[in-house]
Amino acid sequence: MASLVPLITLSTFFDDTARVATAFPTHSESVAEGYLRDHIGDSSKWIAKFLLACGLLAQVAGTALVLCNIFPERGCDLLIWWCVLHPVLYSQVSNLEFCSETATLIGGLLILRAHVQPESRSAMETLPHVTSVSISGALACKTPRRSARQQLLGRALLPSLYTYHLFRTLVANITSREHRQSHSIEMYVVDTLLVVLLALGVAFITVGLRSRACALLLAFLNGMLLLTQHPFWRFMGAQTLAELPPVPYIESLDLSRVEPRHVVDIHRYLFFQGLSTTGALLLLALYGPGELAVEEHEAILNLPVETRKD
């Protein structure tokens with residue numbers, strides 16, 4: 001599990017590298033027609049190609065460094081910087097859902113970074129042989145303050161996507177007349193329960209109270225949501241837009257130029273972005289909240305800590 005979860009967290013970078021590398025001209029044109037064209041003009045095409053090439057190198061190098069355990073903290077740094085640049089490069093800064101997904105991914109990378117840097121690895125090596133249930137509490141005792149601060153920042157960013165959906169639901173229930181007219185009392189009750197549960201989950205993860213259990217539950221729900229909302233493999237080969245689910249909101253997207261393959265590509269991107277979010281939540285469930293948390297020694301799902309017998 002400790003080897004699989006980082007792979008899940010990095011899955012969006014594998015997919016993004018493959019998508020951009022196999023459709024480089026299309027992606028460079030998309031980047032050039034955004035913010036770059038507004039600020040640079042005719043030179044935007046060449047700069048877009050250069051920045052995309054740098055992004056590809058950053059993702060390949062970052063994932064390789066993390067997975068090969070060669071300066072993995074530097075690999076995380078490369079991926080974090082690419083995440084920061086990504087919404088700007090693709091002109092999605094005002095797309096709050098896109099930015100919140102990026103912030104969630106950065107939170108997961110920070111949690112991963114806190115556990116791959118040398119001081120955390122040396123702390124792990126000094127631990128006795130224990131089950132995975134007891135690993136977070138034991139590691140938290142050894143984790144240096146710098147790593148603990150990274151975990152705290154990671155926990156604060158990790159629920160960003162859920163915070164966005166929380167506020168969007170609240171705003172729709174309060175301000176949208178069409179939303180109110182289409183909702184029955186029963187639907188409002190369901191919305192209220194979901195908002196309360198989501199708010200509690202976000203708060204618990206941020207402060208480190210039952211954060212492992214909350215992260216595990218959200219990871220499961222997020223995985224189920226991905227399978228129902230973005231099953232891109234079901235629509236590969238579609239000939240018309242009518243065969244596809246609705247196009248998600250993408251800033252500056254010209255719907256008149258959208259083809260079925262573009263919609264499938266968008267859902268593929270969102271699927272792997274969500275899969276990485278699931279991986280980030282599993283990282284928290286696996287490693288625990290760290291030293292700077294209300295509940296530092298949480299045993300997930302209240303399972304007792306047991307010493308493994310050799």
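Refer to the preceding data block for the structure.
Residues numbered from 1 in each chain as written. Predicted model: local features only at pLDDT ≥ 70, side-chain atom pairs only at ≥ 80, totals over all residues. Heavy atoms only, no water.

K.L.:
Whenever I open this one, the overall build of the protein confuses me. Can you help?
P.N.:
Of regular secondary structure, the protein possesses 14 helices and zero strands. Seen in sequence order, the protein has helices and strands lined up from the N terminus as α-α-α-α-α-α-α-α-α-α-α-α-α-α. Taking all 310 residues of the protein together, 48% fall into the buried category. Taking all contacts inside the protein whose residues are at least 6 apart in sequence as the whole, residues at least 24 apart take part in 73%. When the accessible surface of the protein is totalled, it reaches about 16200 Å², and 66% of it is carbon and sulfur. (Helix = DSSP H or I, 4+ residues; strand = E, 2+ residues; numbered from the N terminus. Buried < 20%, exposed > 50% of the residue type's maximum accessible area, 1.4 Å probe, protein only. Contact = heavy atoms within 4.5 Å. Areas by Shrake-Rupley, 256 points an atom, 1.4 Å probe, with all protein chains shown as cover.)

K.L.:
Before we go on, may I ask you to explain the packing of aromatic side chains in this structure?
P.N.:
Two aromatic rings are characterised by how far apart their centres lie and by the angle between their planes. Going through the model one piece at a time under the given rule, you end up with six aromatic pairs. Judged by centre distance (5.4 Å) and plane angle (90 degrees), the ring pair of Phe271 and Phe272 falls under edge-to-face. Summarising the burial analysis for this pair, Phe271 and Phe272 share the class buried. An aromatic cluster is defined as three or more aromatic residues linked by ring pairs; in this entry it consists of Phe232, Trp233, Phe271 and Phe272. (Phe/Tyr/Trp six-rings, centres within 6.5 Å; stacked < 30°, edge-to-face > 60°.)

K.L.:
Just to check I follow, could you spell out the pattern of salt bridges for this structure?
P.N.:
Pairs can form between side chains of opposite charge whenever their charged atoms are close. One pass over the full model with this rule turns up seven salt bridges. Across the salt bridge formed by Arg19 and Asp16, the nearest N and O atoms sit 2.7 Å from each other. On the criterion of helical spacing, the pair formed by Arg19 and Asp16 is a turn pair, its members being three residues apart in helix α2 (residues 11-22). Judged by relative accessible area, which is 5%, Arg19 ranks as buried. Assessed through its relative accessible area of 2%, Asp16 is described here as buried. Where Arg74 meets Asp77, a salt bridge forms, and the shortest distance between an N and an O atom there is 3.0 Å. With Arg74 and Asp77 both in helix α5 (residues 72-89), this residue pair falls three residues apart, about one helical turn. One connected set of salt bridges, linked through shared partners, spans Asp15, Asp16, Arg19, Asp265 and Arg268. (Salt bridge = Lys/Arg side-chain N within 4 Å of Asp/Glu carboxyl O.)

K.L.:
Is there a simple way to think about a nonpolar patch on the surface in this case?
P.N.:
A surface patch of nonpolar side chains, about 740 Å² in accessible area, is lined by Leu217, Phe220, Leu221, Met224, Leu227, Trp233 and Met236. Position of Leu227 relative to the elements: it lies in helix α13 (residues 211-229). In this structure Leu227 comes out as partly exposed when scored by relative accessible area, which is 43%. (Patch = residues over 30% accessible without salt bridge, like charges linked within 9 Å, V, L, I, M, F, W, Y side chains within 5 Å.)

K.L.:
I'm lost on α5 in this one. Help?
P.N.:
Side chains three or four residues apart in an α-helix point the same way, a direct result of the helix having 3.6 residues per turn. Compared with the 26 Å implied by 1.5 Å per residue over 18 residues, the 25 Å span of α5 between its first and last C-alpha is a close match. Looking at α5, one finds that the buried residues are Pro72, Glu73, Gly75, Cys76, Leu79, Ile80, Trp82, Cys83, His86, Pro87 and Leu89. Positioned one or two residues after α5, Ser91 has a phi angle of 60 degrees, which is positive. (Expected span 1.5 Å × (residues − 1).)

K.L.:
Got a minute to help me understand the environment of Tyr90 in this structure?
P.N.:
Here Tyr90 is to be found in the loop between α5 and α6 (96-116). Since its relative accessible area comes to 17%, Tyr90 is described here as buried. As a C-alpha pair, Tyr90 and Gly34 span 56 residues in sequence and 6.7 Å in three-dimensional space. Ignoring any residue separated from it by four or fewer positions in sequence, one finds Tyr90 in contact with Val20, His27, Ser30, Val31 and Leu52. One polar contact links Tyr90 to His27, side chain to side chain, over a distance of 3.1 Å. (Polar contact = N/O pair within 3.5 Å; in protein donor to acceptor, adjacent residues only side chain to side chain.)

K.L.:
What is the right way to read the packing of α6 against helix α10 (residues 160-175) from this model?
P.N.:
In helix packing, the relevant descriptors are the interaxial angle and the interaxial distance, both defined with respect to the helix axes. At a minimum axis distance of 7 Å, the contact between α6 and α10 shows a crossing angle of 150 degrees. Compared by their axis directions, α6 and α10 come out roughly antiparallel. Residues Leu96, Glu97, Ser100, Glu101, Ala103 and Thr104 of α6 form the contact with α10, whose own contacting residues are Ser160, Leu161, Tyr164, His165 and Arg168. Residues that form the contact of α6 with α10 fall into these classes: four nonpolar, four polar and three charged. (Axes fitted to C-alpha atoms, helices over the stretch in contact; angles between N-to-C directions. Parallel < 35°, antiparallel > 145°, perpendicular 65-115°, else oblique. Nonpolar A, V, L, I, M, F, W, Y, C, P; charged D, E, K, R; others polar.)

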